[in-house]
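Chains, contacts and geometry: an overview
So the chains spell out like this:
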Amino acid sequence: MEFFVATKAGSILGPIASLFGIVMDLLFRFTSSFGVFNIGVCIILFTIITRLLLFPLTLKQQKSSKMMALMNPEIAAIQKKYKGKTDQTSMAKQQVEMKAVYEKYGSSPTAGCLPLLIQFPIILALYRVIYNIPAYVPSVRVFFENVVEPLQNQPDFASKLIEVGGKMSNGFTAEALANPNKVIDLLYKFTPDNWKGLENAFPSIADVIAQNADKIEQMNSFLGINLATAPFTGFSNITVAWIIPILAGITQWLSTKLMSTNQTMDKDAPGAQMMNSMMITMPLMSVFFCFTLPAGIGIYWVVQGIILIFQQMFVNSYMKKVDMDELIRKNVEKMNKKRAKKGLPPAKINQNAAVNLKSIQAKQEEEEAEKNRRLERNAKQVKDSTEFYNSDPK
């Protein structure tokens, strides 16, 4: 089963990654025509394009989250009503009532998950391309191929290449390096010092290596950072690349905070705890991944975070102007079209759902106040009775 899932995921990501590779190649050719020979610039443009294309899904997910925040008081009331009841009848009633709430708002429990599920394979494919650019971008790959072909014709090239690569060669064997693609994968990780070591190890083709290494270094260097290597190489080696994970964490925290302001909910409401934990875990995960993965992915993550901040500011402003009753009406209409196809009767449109929620909350507050008044009356009766009998023991 695990093998099937992995194979299925790979089959889905492959075509998407290939498509993104074509886009990245076009961007590289475009920037090169203006004399900008840099992968970092292409990653920035690539990130802007992909985030703009994904924006409709982001907006859809935000609308679903806003709708869920509106529904939460009713859902919480049903959960409170059946809390502790595990018999089959009570569980069936709870399910029916929960379904009725979702139908009233034209929503479903998976409405907010669908946009995220669509984005997930896209994001994984993006990482695959950025993680190994030469495998997907022909305009970049050609400079590595210029080195690989003469390199593989050298005697004992595999063992020397592994020696030059040092720690970067972990996981590469002489047998594997018979495949040109594996050699390119290893060379893509090389730093300027590694390329210099490669020239010394193969003096007969040193000129070819040096000529292409200069181009590769120019492509991979962004603000003095090697995009093919991870920023973290030990606590004793703090470099300017460390700013990438830090910026990734800050931008992730800001975008998540802005998202939470659009999804205001009671601290006891379903999902509130998860939202609070995301405020902490997501930025920390960003920092960790951007420290340990190639800096090119960190650049993508930082630029994505900055774009998300501006997009979220726009979404928050837009959602304040959205008429939720009108949105509910449209949702119910869409749901009724689906129900009609299945031969089901239409659900009733609740034009005043937001007002009804306030009525429910007011009713709950009134019930709580009445309960407190009863407790106060009982306490007063006990007190008065105690004082009466104590005043005259006879």
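Each value, and the rule that gives it
Residue numbers here run from 1 along each chain, matching the order of that chain's written sequence. Confidence filtering applies because this is a predicted model: local features only for residues at pLDDT of at least 70, side-chain atom pairs given and counted only at 80 or more, and all residues used for totals across whole chains, interfaces and linings. Each side-chain value is derived from all of the structure's non-hydrogen atoms; neither hydrogens nor water enter the calculation. For the purposes of this entry, the term helix denotes a DSSP run of H or I that reaches at least four residues, the term strand denotes a run of E that reaches at least two, and both are numbered from the N terminus. To obtain each axis, a line is fitted to C-alpha atoms, and for helices this fit is confined to the stretch in contact; angles are then taken between N-to-C directions over 0 to 180 degrees. Throughout this description, any angle smaller than 35 degrees is read as roughly parallel, any larger than 145 degrees as roughly antiparallel, any in the 65 to 115 degree range as roughly perpendicular, and the remainder as oblique. Handedness of a helix crossing follows the sense of rotation of the near helix relative to the far helix, less than a right angle counterclockwise being left-handed and clockwise being right-handed. Contacts: residue pairs with any heavy atoms within 4.5 Å of one another. Under the scheme applied here, ten amino acids are nonpolar (Ala, Val, Leu, Ile, Met, Phe, Trp, Tyr, Cys and Pro), four are charged (Asp, Glu, Lys and Arg), and all others, including Gly, are polar. In this text, buried Ala, Val, Leu, Ile, Met, Phe, Trp, Tyr and Cys residues form a nonpolar core when linked through side-chain atoms within 4.5 Å. Three exposure classes are used, based on accessible area relative to the maximum for each residue type with a 1.4 Å probe and protein chains only: buried under 20%, partly exposed in between, and exposed over 50%. Salt bridge criterion: a side-chain nitrogen from Lys or Arg within 4 Å of a carboxyl oxygen from Asp or Glu. In protein, a polar contact requires one atom able to donate a hydrogen and another able to accept it; more generally it is a pair of N or O atoms within 3.5 Å, and residues adjacent in sequence count only if both atoms are side-chain atoms. Scored between 0 and 100, pLDDT is the confidence that the predictor attaches to each residue. In summary, the pairing rule links any two rings of Phe, Tyr or Trp, Trp by its six-membered ring, whose centres are within 6.5 Å, and it sorts them by plane angle into stacked for under 30 degrees, edge-to-face for over 60 and tilted for everything else. Here, over-ring charges are defined by two tests on the NZ atom of lysine or the CZ atom of arginine: distance to the ring centre within 6 Å, and angle to the ring normal within 35 degrees.

Attention now goes to unusual backbone geometry. Residues other than glycine seldom take positive phi values, yet D156 does so here, at roughly 55°. Within the fold, D156 resides in the loop between helix 5 (138-152) and helix 6 (157-165).

Below, the discussion takes up the packing of helix 5 against helix 9 (residues 206-220). Running from N to C, helix 5 and helix 9 cross one another at 155°; their axes reach a closest spacing of 10 Å. One finds that helix 5 runs roughly antiparallel with respect to helix 9. Viewed along their axes, helix 5 and helix 9 form a crossing whose handedness is left-handed. Of the residues in helix 9, those touching helix 5 at V140, F143, F144, N146, V147 and P150 are V208, I209, N212, K215, I216 and M219. In terms of residue class, the contact of helix 5 with helix 9 is made up of nine nonpolar, two polar and one charged.

Counting 62 residues, the largest nonpolar core has I43, L161, L187, W195 and L198 as the members making the most contacts within it. Sort the elements by how many residues they give to this core and helix 12 (residues 295-321) lands first, with eight residues. Once you skip the residues sitting within four places of it in the chain, W195 turns out to touch F144, V147, L187, F190, I209, A213 and I216. Core analysis: the next-biggest nonpolar cluster, separate from the first, contains 20 residues, F55, L327, I328 and M335 among them.

Right, let's talk about the side chain of E199 for a bit. With respect to the helices and strands, E199 occurs in helix 8 (residues 192-201). Owing to a relative accessible area of 15%, E199 belongs among the buried residues under this scheme. If we skip the residues at most four places from it in the chain, E199 touches A206, I209 and A210.

Right, let's talk about the pattern of salt bridges for a bit. Summed over the entire model, instances satisfying the criterion amount to five salt bridges. The salt bridge partner of R29 is D25, with a shortest N-O separation of 2.9 Å. Placement of both R29 and D25 in helix 1 (residues 2-33) is noted, with a separation of four residues, approximately one turn of the helix. E199 is the partner of K196 in a salt bridge, and the nearest nitrogen-oxygen pair spans 3.9 Å. Taken together, the positions of K196 and E199, both in helix 8 and three residues apart, correspond to about one turn of that helix.

Following both chains from N to C, one finds helix 8 and helix 9 inclined at 170°, their axes separated by 9 Å at the closest point. Relative to helix 9, helix 8 is oriented roughly antiparallel. Contacts from P192, W195, L198 and E199 of helix 8 reach helix 9 at A206, I209, A210, A213, I216 and E217.

Now for the environment of V302. Inspection of the secondary structure assignment puts V302 in helix 12. Judged by its relative accessible area of 11%, V302 falls in the buried class. Separated by 53 residues in the primary sequence, V302 and G249 have C-alpha atoms spaced 8.3 Å apart. Those residues in contact with V302 that sit more than four places away from it in its chain are I244, L247, A248 and T251.

Position of D87 relative to the elements: it lies in the loop between helix 2 (39-81) and helix 3 (88-104). Side-chain polar atoms of D87 contact the side chain of S90, separated by 2.8 Å.

Mean pLDDT over the protein chain works out to 79, with 83% of the residues at or above the 70 mark. Mean pLDDT across the elements of the protein chain ranges from a minimum in helix 14 (residues 353-391), with 66, to a maximum in helix 5, with 91. In the model, residues 1-10 has pLDDT below 50 throughout and makes one contact with residues more than four positions away in sequence or in other chains. Long-range and interchain partners of residues 350-358, a stretch whose pLDDT sits below 50, account for 16 contacts in this model, where long-range means more than four residues apart.

Before going further, it helps to spend a moment on the packing of aromatic side chains. According to the stated counting rule, one finds 16 aromatic pairs in the structure shown. Each ring, one from F20 and one from F46, has its centre 5.8 Å from the other, and the planes form 80°; the classification is edge-to-face. Residue F20 is located in helix 1, and its partner F46 is located in helix 2; the two are separated by 26 residues in the primary sequence. The burial state of F20 is the same as that of F46; both residues are buried. Ring geometry for F289 and W301: centres 6.0 Å apart, planes at 25°, overall stacked. Here F289, found in helix 11 (residues 272-292), pairs with W301, found in helix 12; they are twelve residues apart in sequence, far enough to count as distant. On the basis of relative accessibility, which here comes to 30%, the residue F289 falls in the partly exposed class. W301 gets classed as buried once you look at its relative accessible area, which sits at 11%. An aromatic cluster is defined as three or more aromatic residues linked by ring pairs; in this entry it consists of Y127, F288, F289, Y300 and W301. Positioned above the aromatic ring of F37 is the side chain of K215, whose terminal nitrogen or guanidinium carbon lies 5.1 Å from the ring centre.

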